[in-house]
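Remarks on the overall topology
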Amino acid sequence: MKILFILLLCAFKEAVGLNVTIIGTGYVGLVTSAYLAEMHQVTAYDIDQKKIATLKRGTCPLFEPDLPELIQKNQHNLRFSTSLEEALSEAEVVMIAVGTPSLPDGSVDTRILMSAVQEIAQRLTHPAAIIIKSTVPVGTLKKVEDLFAAKNSHHVVFISNPEFLREGCSVYDIKHPDRIVIGTRSDRGMAIAKQLYNDALERNIPFIFTTPESAEMIKYASNAFLALKVSYANEIGRLCRATGANMQEVTTGVGLDHRINKHFLNQGPGFGGSCFPKDVRGIVALAENYGVELTLIPSILTANQTQKEYVCSLVRTALGGSCKQKTIAVLGIAFKANTDDIRESAALDIIDLLSKEEAMVRVYDPVARMPFIRENITECSSWQEALRGADALVVLTEWPEFKALPTDTVCELMRNPTIIDTRSILQLENQRNCFTYSNAQSQAMAR
Ligand code: UGA
């Protein structure tokens, strides 16, 4: 009878979910909080009082499609706090999703994470599972385990659980993961992870149960591979232009091989964002730390820099050899569409290079804002304003708004309709008067 009661209690507990506390309300922490609140009681904690006050008012502090709606939908299971004591008091799972930026030498700065771990170790007074969600160098979970062993006598289990969300579509990604990676040395940790992601388990999403070290490495190896794939596409794109091959057709032909696949083969101005550049630097630093010689992975960073310079060289060539005193309209500041994030955006580097070549740069982005303005850089409030009187147009972010630019208006507004479409998104008709460098035009251009 007693056993039956315990079993019933366990079943009920599973149905009502876990008490989950998430440390950090950045892109990853907030999206994960809003999603897990569908099944669990979630407390999202942050030291940033302003952010938590905004969330408590029912406003989403990030520009992320579908996130405000998800927060609103699951608000009955979601609370926000700036008190760590309060956030930890009933937590069965403590998930850490704080930032791990690059240090000047390219290695990963885990100080914010380790100080959060210290504070949790001092305050946690009951058994719980600690999950590291942040991207951290291989060996970090072990350090967390050691720190707890020295500071906290309560029964705590540790899990490395990297995330694979893309900004701009993270709500879709969290609901439809390709896989869930769980790195733990503990059976109880494994059981808690299954309960936490019960919904995914029931939907037969693949789970990888592995060691913390392998889980940490999976994240770096995935991002470095994707960054390599983008850089590879960029290099093939440069070759297509030089040889007269059509990049879009080449990509289709290559991507249909299921061993390669079509994703992340879109050439662009160079990858950016808060993850690829940082994580490639991070894996390079990791290799140096272990005395392992790498050649391929470090070259991704060089290839990415070359791509940005290549875009500038296209503009220069199209303008007859010099950008000096030429008016250049730039569409896009964000590192990709559907985000206001400008961290390590290739657009910023390209704007910087054009401005240093003494061009008059007129920039427009529907959402992102310029972090620097110079005498020869003007931020415009519409694409029409940016294009007025321009000698060249450079498209750097693939916003849907830019896909539909009407040819006639573009040609009317620009002094000289020279177009460098680095994202291959424009669908300009009647290009008689337009001189374009888009992929679709690569054959024409090569002549
Ligand atoms: C990336 C990974 O895709 C996620 O799986 C991972 O979780 C995340 O980093 C992270 O580590 O947190 P994200 O940085 O949001 O996500 O953006 P991506 O969609 O991967 O794009 C990265 C960069 O590559 C962008 O500048 C994008 O424009 C560029 N890109 C991407 C291309 O130029 N071509 C492509 O085909 C794909």
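Above this text sits the structure in question.
None of the values given here were measured: they were computed from a predicted structure.

Cut-offs applied
- Residues numbered from 1 in each chain as written.
- Predicted model: local features only at pLDDT ≥ 70, side-chain atom pairs only at ≥ 80, totals over all residues.
- Heavy atoms only, no water.
- Axes fitted to C-alpha atoms, helices over the stretch in contact; angles between N-to-C directions.
- Helix = DSSP H or I, 4+ residues; strand = E, 2+ residues; numbered from the N terminus.
- Parallel < 35°, antiparallel > 145°, perpendicular 65-115°, else oblique.
- Left-handed = near helix turned anticlockwise from the far one by under 90°.
- Contact = heavy atoms within 4.5 Å.
- Nonpolar A, V, L, I, M, F, W, Y, C, P; charged D, E, K, R; others polar.
- Pairing = 2+ DSSP bridges.
- Near = heavy atom within 4 Å.
- Polar contact = N/O pair within 3.5 Å; in protein donor to acceptor, adjacent residues only side chain to side chain.
- Core = buried A, V, L, I, M, F, W, Y, C linked by side-chain atoms within 4.5 Å.
- Buried < 20%, exposed > 50% of the residue type's maximum accessible area, 1.4 Å probe, protein only.
- Phe/Tyr/Trp six-rings, centres within 6.5 Å; stacked < 30°, edge-to-face > 60°.
- Arc of directions from axis to C-beta.

**Some thoughts on the packing of helix 11 (residues 212-243) against helix 13 (residues 276-289)**
It is at 9 Å that the axes of helix 11 and helix 13 come closest, and there the two elements cross at 120 degrees. In terms of their interaxial angle, helix 11 and helix 13 are classed as oblique. Helix-helix and strand crossings are classified by hand; for helix 11 and helix 13 the assignment is left-handed. Of the residues in helix 13, those in contact with Met 217, Lys 219, Tyr 220, Ala 221, Asn 223, Ala 224, Leu 226, Ala 227 and Val 230 of helix 11 are Phe 276, Asp 279, Val 280, Gly 282, Ile 283 and Leu 286. Split by residue class, the contact of helix 11 with helix 13 holds eleven nonpolar, two polar and two charged.

**Examining the sheet that holds strand 3 (residues 78-81)**
Taken in spatial order, the eight strands make up an open sheet running 3-2-1-4-5-6-7-8, and their pairing is mixed. The sheet is open, and its two edges are formed by strand 3 and strand 8 (207-210), each paired on a single side. Each strand of the sheet is rotated relative to its neighbour by a mean of 25 degrees, with strand direction disregarded. Where strand 1 (residues 19-23) meets strand 4 (residues 93-96), four bridges bridge the pair, whose relative direction is parallel. Looking at strand 4, one finds that Thr 21 is bridged to Val 94. Set on the sheet, helix 2 (residues 27-36) makes contact with strand 1, strand 2 (41-45), strand 3 and strand 4; between it and strand 1 the angle comes to about 165 degrees.

**Comments concerning the site of the ligand**
Of all residues adjacent to the ligand, which total 19 residues, the nearest are Leu 165, Glu 167, Lys 219, Asn 223 and Asn 266. Take Glu 163: an N or O atom from its side chain is 2.8 Å from an oxygen atom of the ligand. Leu 265 places a main-chain nitrogen or oxygen 3.5 Å from an oxygen atom of the ligand. Only helix 11 and helix 13 provide two or more residues apiece to the shell around the ligand. With three residues, the single largest contributor to the shell around the ligand is helix 11.

**Notes on the nonpolar core**
The biggest cluster of nonpolar side chains holds 49 residues, and the ones touching the most others in it are Ile 328, Val 330, Leu 331, Leu 354, Leu 387 and Leu 393. Here the element with the most residues in this core is helix 14 (residues 296-318); it accounts for six residues. Setting aside residues up to four positions removed in sequence, Val 330 forms contacts with Ile 351, Leu 354, Val 361, Arg 362, Val 363, Tyr 364, Val 394 and Leu 396.

**Notes on the packing of aromatic side chains**
Applying the stated criterion to the full structure yields six aromatic pairs. Between Phe 63 and Trp 399, the aromatic rings sit 6.5 Å apart at their centres with planes inclined by 70 degrees, giving edge-to-face as the arrangement. Here Trp 399 lies in the loop between strand 12 (392-395) and helix 17 (400-403) and Phe 63 lies in the loop between helix 3 (49-56) and helix 4 (67-73), a separation of 336 residues in the sequence. Accessibility expressed as a relative area gives 32% for Phe 63, which makes it partly exposed. Seen in terms of ring centroids, Phe 271 and Phe 276 are 5.8 Å apart; in terms of plane orientation they differ by 80 degrees. Their pairing is edge-to-face.

**Considering helix 3**
The complete set of buried residues in helix 3 reads Lys 51, Ile 52, Thr 54 and Leu 55. The arc that holds every buried residue of helix 3, seen down its axis, measures 155 degrees, which confines them to one face. Seen from the buried face of helix 3, the exposed residues on the opposite side, beyond 90 degrees, are Gln 49, Lys 50 and Lys 56. In this structure, the buried residues of helix 3 make contact with helix 2, strand 2, helix 4 and strand 3. Put simply, Asp 48 is the residue that caps the front of helix 3, since its side-chain oxygen is 3.1 Å from the backbone nitrogen of Lys 50.

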